[in-house]
Amino acid sequence: AYTLSLAHGLRALGHDVGPAGAPVFDTLRIRLNGMTARDALAAAWARRMNLREYPDGSVGVSLDECTTRDDIESILDCFAGSAKVPGPADALLA
C-alpha cells in the first residue's frame, strides 16, 4: 500500500512514475520533473536515505516491510523541491 501511496504523491508533485493504475510492487523508478537527480539524492542523503541513481537521470526508490508512513512523507519531501508535499501518506492511498 505504501508503494501506491508514494506513487500518488510523486505524481501529485509532477514526477513520472509510470501510468496510474499500473501494477507496482516495492520499487519505483521516478522520472523527475522540475528538479535533477542530484537535487533529490542530496535531499535523501541529508535524511540518511539511500536512493538509486540511473544513468538517464531517473531515480529509484525501493520500500520494504519496515517502511513507515513517516518514511513515505520523508521520501516525498526529497522530491518536493520548493513544492508543497501533497498531504499525509494515508490520504494518498488509492
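**What to know about the sheet that holds strand β2 (residues 52-53)**
Link 1 in the chain: The antiparallel open sheet is built from three strands, whose spatial order is β1-β3-β2. In the strand order of this sheet, the two ends are held by β1 (27-30) and β2, each with one partner.
Link 2 in the chain: Direction of pairing for β1 relative to strand β3 (residues 59-62): antiparallel, over a ladder of four bridges. The partner of Ile30 across the bridge, within β3, is Val59.

**Some points on the environment of Arg52**
Link 1 in the chain: Of note, Arg52 is situated in strand β2.
Link 2 in the chain: A relative accessible area of 51% means that Arg52 is categorised as exposed.
Link 3 in the chain: Put simply, Arg52 and Gly9 are 43 residues apart on the chain and 19 Å apart in space, counted from C-alpha to C-alpha.
Link 4 in the chain: If near-sequence neighbours (up to four positions away) are discounted, Arg52 is found in contact with Ser58, Val59 and Gly60.

**Quick notes on the state of the cysteines**
Link 1 in the chain: Enumeration according to the criterion identifies zero disulfides in this entry.
Link 2 in the chain: Of all cysteine sulfurs in the structure, the one in Cys78 sits closest to Cys66, which takes part in no disulfide; the separation is 18 Å.
Link 3 in the chain: For Cys66, a relative accessible area of 57% translates into the label exposed.

**Points about the pairing of β3**
Link 1 in the chain: As judged from the two bridges shared by β2 and β3, these two strands associate in the antiparallel manner. Within the sheet, the bridge partner assigned to Glu53 lies in β3 and is Val59.
Link 2 in the chain: Connecting β2 to the next strand, β3, in antiparallel fashion are five residues, including Gly57 with a positive phi near 95°.

Parameters at a glance
- Residues numbered from 1 in each chain as written.
- Predicted model: local features only at pLDDT ≥ 70, side-chain atom pairs only at ≥ 80, totals over all residues.
- Heavy atoms only, no water.
- Pairing = 2+ DSSP bridges.
- Helix = DSSP H or I, 4+ residues; strand = E, 2+ residues; numbered from the N terminus.
- Buried < 20%, exposed > 50% of the residue type's maximum accessible area, 1.4 Å probe, protein only.
- Contact = heavy atoms within 4.5 Å.
- Disulfide = S-S within 2.5 Å.

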